[in-house]
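Spelled out from the first residue to the last, the chains are:
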Amino acid sequence: SVTGATLDADNGVAKLEVEEARVSSSPVDIVCVKEVAVDDKTGETMSIGAFRKKLAKEGGRLAAQSQSFNTTLVETKARTRPAALAGALDLRPGEPFKWDRTKW
């Protein structure tokens, strides 16, 4: 980002002061998430399977088969190493990320 600028109008020289962006030594930070059901009555989150069982218990088999309930994503434990994902995306510490449409 630019932190300062001066212009010498007499000789037509512009001087820009910039700060280089800092880069992480670890190019990837992974957050894994899973989809969970949200109980409209209580706001409680639970696994989709547990929520279907609850619906079946409260309203019968038809209610449990319904796909019309609210869901959200919650953070869960990761099983992928950052280095594995960085390798797959060809990321290297200190180098800018470059999007490759042919890969993604």
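Residues numbered from 1 in each chain as written. Predicted model: local features only at pLDDT ≥ 70, side-chain atom pairs only at ≥ 80, totals over all residues. Heavy atoms only, no water.

Chemist: Before we go on, may I ask you to explain the environment of cysteine 32 in this structure?
Modeler: Counting through the fold element by element, cysteine 32 comes out in strand S3 (residues 32–38). Once the C-alpha coordinates of cysteine 32 and leucine 73 are considered, the two residues, 41 residues apart in sequence, prove to be 9.5 Å apart. When near neighbours in sequence (up to four residues on either side) are disregarded, cysteine 32 contacts Val74, Glu75, Thr76, Lys77, Ala78 and Arg79. (Helix = DSSP H or I, 4+ residues; strand = E, 2+ residues; numbered from the N terminus. Contact = heavy atoms within 4.5 Å.)

Chemist: Quick question: what am I supposed to make of a nonpolar patch on the surface here?
Modeler: Taken together, Val2, Leu16 and Val18 make up a surface patch of nonpolar side chains, about 310 Å² in accessible area. Among the secondary structure elements, leucine 16 is positioned in strand S2 (residues 13–18). The class for leucine 16 is exposed, based on a relative accessible area of 58%. (Patch = residues over 30% accessible without salt bridge, like charges linked within 9 Å, V, L, I, M, F, W, Y side chains within 5 Å. Areas by Shrake-Rupley, 256 points an atom, 1.4 Å probe, with all protein chains shown as cover. Salt bridge = Lys/Arg side-chain N within 4 Å of Asp/Glu carboxyl O. Buried < 20%, exposed > 50% of the residue type's maximum accessible area, 1.4 Å probe, protein only.)

Chemist: Looking at this structure, how should I read the pairing of S3?
Modeler: Remark: a regular strand shows side chains that alternate across the two faces of the sheet. Both S3 and strand S5 (residues 71–76) contribute to a ladder of six bridges, which runs antiparallel. Note on S5: the bridge partner recorded for glutamate 35 is leucine 73. Bridge analysis of S3 against strand S4 (residues 45–46) gives two bridges, and the strand direction is antiparallel. When the bridges of S4 are listed, valine 38 appears paired with threonine 45. Hairpin geometry of S3 and S4 is characterised by an intervening segment of six residues between the two adjacent antiparallel strands and by a positive phi of about 80 degrees at glycine 43. (Pairing = 2+ DSSP bridges.)

Chemist: Honestly, the sheet that holds S5 in this entry has me stumped. Any pointers?
Modeler: Two orientations exist for strands paired in a sheet by backbone hydrogen bonds: parallel and antiparallel. Pairing is antiparallel across the open sheet formed by three strands, whose spatial order is S4-S3-S5. If you trace the sheet from one side to the other, it starts and ends with S4 and S5, each paired once.

Chemist: I keep staring at the pattern of salt bridges and nothing clicks. Help me out?
Modeler: A side chain of one charge can pair with a side chain of the opposite charge when the charged atoms of the two come close. Tallied over the entire structure, the rule returns two salt bridges. We note a salt bridge from aspartate 39 to lysine 54, for which the minimum N-O separation is 2.2 Å. One end of the pair, aspartate 39, is in the loop between S3 and S4; the other, lysine 54, is in helix H1 (residues 48–59), with 15 residues separating them in the sequence. The buried category is assigned to aspartate 39, whose relative accessible area is 5%. Residue classification places lysine 54 among the partly exposed positions, given a relative accessible area of 22%. With its nearest N and O atoms 3.7 Å apart, the salt bridge here joins glutamate 58 to lysine 41. Of this pair, glutamate 58 sits in helix H1 while lysine 41 sits in the loop between S3 and S4; the two residues are 17 residues apart in sequence, bridging distant segments of the chain.

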